[in-house]
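One-letter residues, chain by chain:
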Number of protein chains: 2
Amino acid sequence: MKIIVDAFGGDNAPLAPICGAIEAHAAYGVDIILTGDESVIQKVASENNLSLNGITIVHAPDVFTNDDQPSTIRSKAKANTSMAVGLNLLKNGGGDAFVSAGNSGALGAGAMFLVKRIKGIQRVAFAPVMPNSESYFMLIDSGVNTDLRPKALQQFAMMGSIYMNKVMGFKNPRVGLANVGTEEHKGDALRQETYTLLKNTPSINFIGNVEGRDIPLDGADVVVCDGFTGNMILKTYEGVAIAMMKKIKGVFTKNFKTKLAAACVMKEMKELKKSMDYDEVGGAPVLGCAKPVFKAHGSSNAKTIRNAIRVTIEYVKNDVIASITEALKDIPETENEGE
Amino acid sequence: MKIIVDAFGGDNAPLAPICGAIEAHAAYGVDIILTGDESVIQKVASENNLSLNGITIVHAPDVFTNDDQPSTIRSKAKANTSMAVGLNLLKNGGGDAFVSAGNSGALGAGAMFLVKRIKGIQRVAFAPVMPNSESYFMLIDSGVNTDLRPKALQQFAMMGSIYMNKVMGFKNPRVGLANVGTEEHKGDALRQETYTLLKNTPSINFIGNVEGRDIPLDGADVVVCDGFTGNMILKTYEGVAIAMMKKIKGVFTKNFKTKLAAACVMKEMKELKKSMDYDEVGGAPVLGCAKPVFKAHGSSNAKTIRNAIRVTIEYVKNDVIASITEALKDIPETENEGE
């Protein structure tokens, strides 16, 4: 198996992707292709005493930054960025999957327009696997798509179920529709029509609407929503966790007694922080793309990149894309809305 | 000043509203009218040794429950509920404001259709004041409206600014538009058009888009959004805080050492929990209604109700509604979309 890794994606690039890729190569025995400026990769590896033995580099002199407009990923001007080179390499059969911690929007747009969709899929979705009070859940979509029709959400539900089952090991994942109340008639027209559609999709385990409050409390294994709503949920989720950790830090540093308490629970609090950190959990596959594309968090360190590669290996090995293609036969076809 | 209080709203009714009203009467010297079943109120007061001296009861034999359809608040069948009686009393000049911990949707619908809107306001908004990492912010709208035009969001921004200034004491409140990115072009058509409108509204301090992640981290004092998005943010916010407190509890009860730590920080952790609890902060005015309507949290206890009454007194005293009416002159008129 050959995993392509964007050496210049994320806040800690290129060191974190290079390290993570080397670690994954050693730990999982997969071939790794790094995309990015070859001389810089060689220099960083040498400065950090890292051996690139067994790692292939595909030269890409430019970097796609977070300030670049995501849609320009398909432009000629960005064709030599480490992300575009990686995506095109994947498309042309140069590897089995692509992992990047770079610009999320660009990765979604690149998956959609460079690698292309699975035939019959309306939209690709950015689908992070996130922590909840009990274990994990998938939020699909959370950032790529704003204006959607119910059929696209039905496909998200199906793709999310397959991924959570095949890659994350959930049996018969519970699918919930993110909504402002649990009753069938709740929400806007998109929610109401999607509810009806999901209810009548036998291949998924639809449990009804799930409210915001129940999402972090293990209300569903796959939470289905449009990208605007999903992005607001995802980022509010992160923000509240950060705000609370900040307040807890304030508690523990208040006085001698609380500092003593901090010393007693330091290990456990670190574990807690880790358990709320979605980097550690499962990253975010870009589902609906014709080949596996995987987004690692922008602030990824070497370990996060290694984890992302590990999950991506499962994504490839369990042939999620073949299962999605197969499952599409069970839900009525619609014309493509995308492009 | 006369405050009408729904004695049968919320999970702890009627005891909590009765107690809270009595406490507020004593503490703030305002007249209180309780709406609800008179004999039950008398019985509960007597059983709990509470004196109803100085409290007026307006009899309302029925209760509007959380299972009732919010829109039925205007129906004949629900006309004798403590909520509808309170709203109609307010409308007819029987009091200066109405406070309820009952069904949020019904209170919003009742404010809109029984008490009616301020002339020129398109929609009333449910606008909770919530905790963030530094102090408070208002989320407007968070539950009443789903399909909105930009003008309604502009009015929300204006009303939220006035309330946060006059009632919560924020100087020149920073208004942010909840969106999936900070750049002007981000989000769907509603967000893009609203951005342009807010940018060109000199009477508010518009600071641009605010992402979900920055909302809990004091990104803005007034966060403007449609009701669907706001409800998802509000409830995710609550859910993550609950999930984290649950995990922290797990940490502290793990073993002897962590239990010792818990004993050292118990007081501080309780304060932390309180600081993340929006009951304690400021409740939720229903803005845009022609008279002050205020929502206390469904799980309100006596203290929360008393706090809600205290905030409502400020709402009346500072004549927020006159300020909103005045400010409407500064933003171009539009036809009413509501009803």
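Residues numbered from 1 in each chain as written. Chains lettered and ligands numbered in written order. Predicted model: local features only at pLDDT ≥ 70, side-chain atom pairs only at ≥ 80, totals over all residues. Heavy atoms only, no water.

Colleague: Before we go on, may I ask you to explain the packing of helix H1 (residues 15-28) of chain B against helix H10 (residues 302-317) of chain B in this structure?
Modeller: Each packed pair of helices is defined by two parameters, the angle between the axes and the distance between the axes. Residue and element names in this part refer to chain B. Running from amino to carboxyl end, H1 crosses H10 at an angle of 50°, the nearest separation of the two axes being 7 Å. Comparing their axes, H10 and H1 come out oblique. Handedness of the H1/H10 crossing: right-handed. Of the residues in H10, those in contact with Ala16, Pro17, Cys19, Gly20, Ala21, Glu23, Ala24 and Tyr28 of H1 are Ala302, Ile305, Arg306, Ile309, Arg310 and Ile313. When grouped by side-chain class, the residues that make up the contact of H1 with H10 number ten nonpolar, one polar and three charged. (Axes fitted to C-alpha atoms, helices over the stretch in contact; angles between N-to-C directions. Helix = DSSP H or I, 4+ residues; strand = E, 2+ residues; numbered from the N terminus. Parallel < 35°, antiparallel > 145°, perpendicular 65-115°, else oblique. Left-handed = near helix turned anticlockwise from the far one by under 90°. Contact = heavy atoms within 4.5 Å. Nonpolar A, V, L, I, M, F, W, Y, C, P; charged D, E, K, R; others polar.)

Colleague: How do you make sense of the sheet that holds strand S10 (residues 222-224) of chain A when you look at a structure like this?
Modeller: Within a sheet, neighbouring strands are paired by backbone hydrogen bonds and run either parallel or antiparallel to one another. All names here are of chain A. On the basis of which strands lie adjacent, the open sheet formed by five strands has the order S6-S7-S10-S8-S9 and mixed pairing. The sheet is open, and its two borders are formed by strand S6 (129-131) and strand S9 (205-210), each paired with just one other strand. The mean inter-strand angle of the sheet, taken between neighbouring strand axes irrespective of direction, is 30°. Looking at chain direction, S6 and strand S7 (residues 136-140) are connected through three bridges and run antiparallel. From the neighbouring strand, Met130 faces S7, where its bridge partner is Phe137. The sheet strands contacting helix H5 (residues 150-166) are S6, S7, strand S8 (174-178) and S10, and the helix crosses S7 at an angle near 150°. (Pairing = 2+ DSSP bridges.)

Colleague: Sorry, what's going on with unusual backbone geometry here?
Modeller: As a rule of thumb, non-glycine residues mostly have phi less than zero, and peptide bonds are mostly trans rather than cis. Omega for the bond connecting Ala13(A) with Pro14(A) falls within 30 degrees of zero, at 0°, which places this linkage in the cis form. Secondary-structure assignment places Pro14(A) in the loop between strand S1 (2-6) and helix H1 (15-28). Positive phi, normally seen in glycine, also occurs at Lys116(B), with a value near 80°. Of note, Lys116(B) is situated in the loop between helix H4 (104-115) and strand S5 (125-126). Classification of Lys116(B) by relative accessible area gives partly exposed; the value is 39%. Backbone geometry at Asp218(B) places phi at a positive 65°, although glycine is not the residue there. Here Asp218(B) shows up in the loop between strand S9 (205-210) and strand S10 (222-224). (Buried < 20%, exposed > 50% of the residue type's maximum accessible area, 1.4 Å probe, protein only.)

Colleague: Explain the relation of the copies chain A and chain B here, please?
Modeller: In this structure, two copies of a chain are linked by a rotation about an axis accompanied by a shift along it. Laying chain A over chain B is done by rotating through 180° and shifting 0.0 Å along the axis; what remains is an RMSD of 0.1 Å. In symmetry terms, the pair is related by a two-fold rotation axis. Residue Ala261(A), judged by its C-alpha, is the member of chain A lying nearest the rotation axis, at 2.0 Å. Mapped onto chain B, 98% of the interface residues of chain A are again interface residues, and the two copies thus contact each other with one and the same surface. (Least-squares fit on C-alpha atoms with pLDDT ≥ 70 in both.)

Colleague: It is not clear to me how the interface of chain A and chain B should be interpreted in this structure. Could you clarify?
Modeller: Reports of interface size often rely on the accessible area that becomes lost once the parts have come together. Facing the 55 residues of chain A at the interface are 54 residues of chain B. Applying the counting criterion to the chain A and chain B interface returns eight salt bridges. On the surface where chain A and chain B come into contact, there are ten residue pairs in polar contact (both at pLDDT 80 or more). Contributions of two or more residues to the side of chain A that touches chain B are made by helix H7 (227-252) and helix H8 (256-275) of chain A. Ranked by residue count, the leading element in the side of chain A that touches chain B is H7(A), at 21 residues. (Salt bridge = Lys/Arg side-chain N within 4 Å of Asp/Glu carboxyl O. Polar contact = N/O pair within 3.5 Å; in protein donor to acceptor, adjacent residues only side chain to side chain.)

Colleague: Looking at this model, I keep getting lost on the environment of Gly298(A). Mind explaining?
Modeller: All names here are of chain A. Tracing the backbone through its elements, the reader meets Gly298 in the loop between strand S12 (293-295) and helix H10 (302-317). In this structure the C-alpha to C-alpha distance between Gly298 and Asn132, which are 166 residues apart in sequence, comes to 20 Å. Setting aside residues up to four positions removed in sequence, Gly298 forms contacts with Gly10, Asp11 and Ala101.

Colleague: Would you explain the pairing of S1(A) in this entry?
Modeller: Successive residues of a regular strand alternate their side chains across the two faces of the sheet. Residues and elements named next belong to chain A. Where burial is concerned, most of S1 is hidden: four out of the five residues are buried. Pairing geometry for S1 and strand S2 (residues 31-36), over five bridges, is parallel. Note on S2: the bridge partner recorded for Lys2 is Asp31. Taken together, S1, H1 and S2 form a β-α-β motif whose crossover is right-handed. Two strands pair when backbone bridges link them, and S1 and strand S4 (residues 97-100) are joined in this way by three bridges, in the parallel orientation. From the neighbouring strand, Val5 faces S4, where its bridge partner is Val99. (Right-handed = clockwise from strand over helix to strand, strands pointing away.)

Colleague: Would you take a moment to explain the confidence of the model for chain A for this structure?
Modeller: Detailed reading of predicted coordinates is not advised where the pLDDT is low. Residue and element names in this part refer to chain A. Per-chain confidence: chain A averages 92 in pLDDT, with 96% of residues scoring 70 or above. Overall, residues 335-339 carries pLDDT values under 50, and its contacts beyond four positions in sequence, including any with other chains, amount to 16 contacts. Here the complex is predicted with pTM 0.91, and the ipTM for its interfaces comes to 0.88. (pLDDT = per-residue confidence, 0-100.)

Colleague: Help me out: how do you make sense of the packing of aromatic side chains in this one?
Modeller: Remark: the centre distance and the inter-plane angle together describe each pair of aromatic rings, the angle taken between the planes. All names here are of chain A. Summed over all chains, the structure comprises seven aromatic pairs over all chains. Considering the side-chain rings of Tyr195 and Phe206, the 5.1 Å spacing of their centres and the 80° angle between planes classify their relative orientation as edge-to-face. With a gap of eleven residues between them, Tyr195 in helix H6 (residues 189-199) and Phe206 in strand S9 connect regions that are remote in the sequence. According to the relative accessible area criterion, Tyr195 is buried, its value standing at 11%. (Phe/Tyr/Trp six-rings, centres within 6.5 Å; stacked < 30°, edge-to-face > 60°.)

Colleague: Could you clarify how one ought to interpret the environment of Phe126(B) in this entry?
Modeller: All names here are of chain B. Locating Phe126 in the fold gives a position in strand S5. Given a relative accessible area of 6%, Phe126 falls into the buried group. Note: C-alpha distance between Phe126 and Gly212 (86 residues apart in sequence) is 19 Å.

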